[in-house]
Amino acid sequence: MFKAKAYSVGSATSPFVSSSIPRRDPTEHDVQIEILFCGICHSDLHYARDEWHSVMPTVYPCVPGHEIVGRVAKVGSSVTKFEPGDLAGVGCLVDSDHTCPHCRAGLEQFCPNQILTYGSPDKHLGGVTYGGYSDSIVVDERFVLRVPTNLDPAGVAPLHCAGITTYSPIRRWGVIKGRKVGVVGLGGLGHMGVKFARAFEAHVVVFTTSPGKREDALRLGAAEVVVSRNADEMKKHAGSLDFILDTVSADHDINAYLNLLGPGGNLTLVGAPEKHLAVSAFGLLLGRRSLSGSNIGGIAETQEMLDFCGAHNITADVEVIPIQKVNEAYERLLKSDVKYRFSIDMASLRSE
Ligand code: NAP
Ligand code: ZN
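Residues take numbers from 1 onward in each chain, read along the sequence in its written order. Chains and ligands are labelled sequentially in the order written, the chains with letters from A and the ligands with numbers from 1. In keeping with the predicted nature of the model, local features appear solely for residues at pLDDT of at least 70, side-chain atom pairs appear and are counted solely at 80 or more, and the whole-chain, interface and lining totals rest on all residues. Derived side-chain values reflect all non-hydrogen atoms in the structure, with water molecules and hydrogen atoms excluded from consideration.

Caption draft 1: Broad picture of the overall build of the protein chain. Where helices and strands are cited, they refer to DSSP runs of H or I of at least four residues and of E of at least two residues respectively, numbered from the N terminus. Broken down by element type, the protein chain carries twelve helices and 17 strands. Computed over C-alpha atoms, the radius of gyration of the protein chain comes to 20 Å, within 12% of the 20 Å expected from 2.2 N^0.38 for 352 residues, which places it in the range of a compact globule. Its C-alpha atoms give the protein chain principal-axis dimensions of roughly 60 × 40 × 35 Å. Looking at the 352 residues of the protein chain, the share that counts as buried comes to 56%. For the protein chain, the separation between the mean place of its 34 positive charges and that of its 39 negative charges on side chains is 4 Å. Using C-alpha atoms as the atom set, the radius of gyration is obtained and then compared with a globule rule of 2.2 Å times the number of residues to the power 0.38. Think of it in three bands: residues with accessible area under 20% of the maximum for their type are buried, residues over 50% are exposed, and the middle band is partly exposed, with areas taken using a 1.4 Å probe on protein chains only. Residues scored as charged are limited to Lys and Arg (positive) and Asp and Glu (negative), so that His and the chain ends carry no count. For charged residues, the charge sits on one atom: NZ in Lys, CZ in Arg, CG in Asp, CD in Glu.

Caption draft 2: Just the sheet that holds strand S15 (residues 290-293), in detail. In this description, strands pair whenever DSSP reports at least two bridges between them. Across the sheet, which stays open at both edges, the six strands sit in the order S12-S11-S10-S13-S14-S15 with parallel pairing between neighbours. Of all the strands in the sheet, just strand S12 (224-227) and S15 have a single pairing partner and so form its edges. Each strand of the sheet is rotated relative to its neighbour by a mean of 20 degrees, with strand direction disregarded. One ladder, built from four bridges, connects strand S11 (residues 203-208) with S12; its direction is parallel. In the strand pairing of S12, Thr 208 is matched with Val 227. Relative to strand S13 (residues 241-246), helix H4 (residues 162-172) is tilted by about 160 degrees, and along the sheet it contacts S13 and strand S14 (261-269). Only C-alpha atoms enter the line fits that serve as axes; for helices the fit covers just the stretch in contact. Angles between N-to-C directions range over 0 to 180 degrees. The contact criterion used throughout is that any non-hydrogen atoms of two residues lie within 4.5 Å.

Caption draft 3: Broad picture of the packing of aromatic side chains. Ring geometry is summarised as follows: Phe, Tyr and Trp rings, the Trp one being its six-membered ring, pair when their centres sit within 6.5 Å, and such pairs are stacked at plane angles under 30 degrees, edge-to-face over 60 and tilted between the two. Overall, the coordinates contain ten aromatic pairs when judged by the stated rule. Residues Tyr 167 and Phe 308 carry aromatic rings whose centres are separated by 5.8 Å and whose planes lie at 55 degrees to one another, so their mutual orientation is tilted. Taken together, the residues span a long stretch of sequence, with Tyr 167 in helix H4 and Phe 308 in helix H10 (residues 299-312) at a distance of 141 residues. Classification of Phe 308 by relative accessible area gives buried; the value is 13%.

Caption draft 4: Representation of the site of ligand 1 within the structure. Nearness here has a simple test: a residue counts as near a molecule or strand if at least one of its heavy atoms is within 4 Å of that partner. Looking at ligand 1, there are 30 residues lining it, with His 42, Thr 208, Thr 209, Ser 210 and Arg 341 nearest. Side-chain atoms alone can form a polar contact between residues adjacent in sequence; in general such a contact is a pair of N or O atoms within 3.5 Å, and within protein one must be able to donate a hydrogen while the other accepts it. Here His 42 contributes a side-chain N or O atom positioned 2.7 Å from an oxygen atom of ligand 1. Thr 209 is positioned such that a nitrogen or oxygen atom in its side chain is 2.6 Å from an oxygen atom of ligand 1. The Shrake-Rupley method, run with a 1.4 Å probe, gives the accessible areas here. Residue values count only the displayed protein chains as cover. A total of 910 Å² of accessible area belongs to ligand 1 in isolation, and the protein chains cover 91% of it. Mapped by element, the contributors of at least two residues to the shell around ligand 1 are helix H1 (42-48) and helix H5 (188-199). A per-element tally of the shell around ligand 1 places H1 first, with three residues.

Caption draft 5: View of the packing of H4 against H10. Orientation of H4 relative to H10, taken along the N-to-C sense of each, is 100 degrees, at an axis distance of 10 Å. In terms of axis orientation, H4 runs roughly perpendicular to H10. For the pair H4 and H10, the contacting residues are Gly 163, Ile 164, Tyr 167, Ser 168 and Arg 171 in the first and Glu 301, Thr 302, Glu 304, Met 305 and Phe 308 in the second. Angles are sorted into four bins: roughly parallel if under 35 degrees, roughly antiparallel if over 145, roughly perpendicular if 65 to 115, and oblique for all others.

Caption draft 6: Structural view of the environment of Phe 243. Mapped onto the elements of the fold, Phe 243 is located in strand S13. Exposure remark for Phe 243: the relative accessible area of 3% places this residue in the buried category. Spatially, the C-alpha atom of Phe 243 lies 35 Å from that of Glu 141, the residues being 102 residues apart in sequence. Ignoring any residue separated from it by four or fewer positions in sequence, one finds Phe 243 in contact with Pro 169, Ile 170, Trp 173, Val 175, Lys 180, Val 181, Gly 182, Leu 261, Asn 266 and Thr 268.

Caption draft 7: Structural detail: the nonpolar core. Counting 90 residues, the largest nonpolar core has Ile 40, Tyr 133 and Phe 196 as its most contacted members. Among the elements that line this core, the one with the most residues is strand S3 (residues 30-40), at six residues. Once residues within four sequence positions are removed from consideration, Ile 40 is found in contact with Glu 67, Tyr 133, Ile 321, Val 326, Ala 329, Tyr 330, Leu 333, Arg 341, Phe 342 and Ile 344. We call a set of buried Ala, Val, Leu, Ile, Met, Phe, Trp, Tyr and Cys residues a nonpolar core when their side-chain atoms join them within 4.5 Å. If you look at the next biggest cluster of nonpolar residues, it comprises 15 residues, including Met 234, Val 248, Tyr 257 and Leu 267.

Caption draft 8: Looking closely at the pairing of strand S10 (residues 180-184). With respect to burial, S10 is a largely interior element, five of its five residues being buried. A two-sided burial pattern is seen for S10, the buried positions comprising Lys 180, Gly 182 and Val 184 on one face and Val 181 and Val 183 on the other. As paired elements, S10 and S11 share five bridges and run parallel to each other. Counterpart to Val 183 in the pairing with S11 is Val 206. Following the backbone out of S10, through H5 and into the adjacent parallel S11, one traces a crossover that is right-handed. When the strands point away from the viewer and the path from the first strand over the helix to the second turns clockwise, the crossover is right-handed.

Put into structure tokens, the structure is as follows:
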């Protein structure tokens, strides 16, 4: 065991403070990674503040962070995928049971015994797992991703959650050329959704509550931008969309979006607001529309997404911050004031 530097919170209402956490020495299948960058996902904020208490109560102290890119420092004796010096990534999962039908199908995100990067039982050290707001992490090589070396690592880090969470439903719901696709909320997930839908040549419409993001939405690949608080602008798209990806992190009216779907259209929720959303039956049954959810993606699909990003030069648009600004970053995230993902430069932690 060794000590790593990290930023942790001790309760739902306390700020992040500099602290020290244990990490295991790499066992034979493990990769020890020196973390270079870690994205700040809105899920980190929900979890740190115990907003998902009814589904996933937070265990404190908590070290979030599941958008990790780093440099391999050490490998266990049986590791074949990596060697010291390689760039490597870690997303939301660090282990699973490897034997259930979902794991065997490469869908580790459905494994009933999955181990999340933070807040899950740590079978090696006891207590819970600690995430990427840290200078290092040790992970089984099966859950470590190969990172394209032609991309900026600060912008690659967010692909490990925001990237796969939007790529997976976009692939599953057949977003291709000619489809009219809505992306609701232009934040970390939303801006990746726009980039992927555009890469698959869809006609992308961004729905935002922030009129100031219009130009950015167009630059990111939207063909049209709708300010969702403007009822007339919304009405123009009634019954016309094939697929909508809803990335909103807070309470909002999803019926307004169901009504924009054409017959057979689908709205997939990836946003995970604290409160339940109300659904109008008529919004679904008129037009035989469907409402679904999607949760990250498996390891194989995450690797596919990273390789796709390498080939198409896709990264997240990031604001790189030192870890000492994490509390401020959370306040800005709550105000939808980030363009479009914070990426923590871990050199700032190393030099503390
Ligand atoms: P984010 O960067 O904060 O983006 C959320 C966006 O939602 C904001 O930028 C804003 O976009 C919009 N929004 C915020 N408050 C709103 C409100 N009251 N009404 C309408 N729109 C509002 O967050 P994120 O990191 O992308 O995460 C988004 C959600 O997805 C979170 O709930 C997160 O926990 C969840 N998530 C789910 C998964 C999964 O596997 N399903 C994975 C990661 C994250 P505009 O300014 O454009 O309106
Ligand atoms: Zn996330």
